[in-house]
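Understanding the architecture of this molecule
The lines below spell out each chain.
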Amino acid sequence: MALEITDATFEETVLKSDKPVMVDFWAAWCGPCRMVGPIIEEISKDYEGKAVVGKVDVDANQEFAAKYGVRNIPTVLIFQNGEVVGRQVGVAPKTTYAEALDSLL
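Described in the following lines is the structure provided in the data block. (Residues numbered from 1 in each chain as written. Predicted model: local features only at pLDDT ≥ 70, side-chain atom pairs only at ≥ 80, totals over all residues. Heavy atoms only, no water.)

What the rule picks out here adds up to 1 disulfide. Across a sulfur-sulfur distance of 2.3 Å, Cys30 and Cys33 are joined as a disulfide pair. Of note, the bridge from Cys30 to Cys33 carries an S-S torsion of about 80° and is right-handed in sense. Comparing Cys30 with Cys33, the two get one shared label, buried. (Disulfide = S-S within 2.5 Å. Buried < 20%, exposed > 50% of the residue type's maximum accessible area, 1.4 Å probe, protein only.)

Next comes the structure, spelled out in structure tokens:
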């Protein structure tokens, strides 16, 4: 299951991770986010132990959404070694997210 990431846990979970990290910035009221949610859950199972997959509720956690320029949701950012190395805005097929992680493994 995808991790719930908050502003308080973001640095430790995402920026200090020794594995690639996929972060889904979403909100409960966002229709397209509800389409991406199940894909992110599948990715989290597929990459368990190989990558960190998490979600940030932008209504409750705005600090890092603002820091990384997340203006539209869903936005999925890929991090490696604390740096953003990929960005997908809007809904995309599962293969798009999988390929982004595969390129880092």
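Having put the structure on the table, let's press on.
Attention now moves to the sheet that holds strand E5 (residues 83-89). Here we have 5 strands laid out as an open sheet, ordered E1-E3-E2-E4-E5, and mixed in their pairing. Here the strands that pair on one side only, and so sit at the sheet edges, are strand E1 (3-4) and E5. Those strands touched by helix H1 (residues 7-15) are E1, strand E2 (21-26), strand E3 (52-57) and strand E4 (75-80), and its axis lies near 150° from that of E2. Where helix H4 (residues 94-102) meets the sheet, its contacts fall on E2, E3, E4 and E5, and the angle it forms with E4 comes to roughly 15°. (Pairing = 2+ DSSP bridges. Helix = DSSP H or I, 4+ residues; strand = E, 2+ residues; numbered from the N terminus. Contact = heavy atoms within 4.5 Å. Axes fitted to C-alpha atoms, helices over the stretch in contact; angles between N-to-C directions.)

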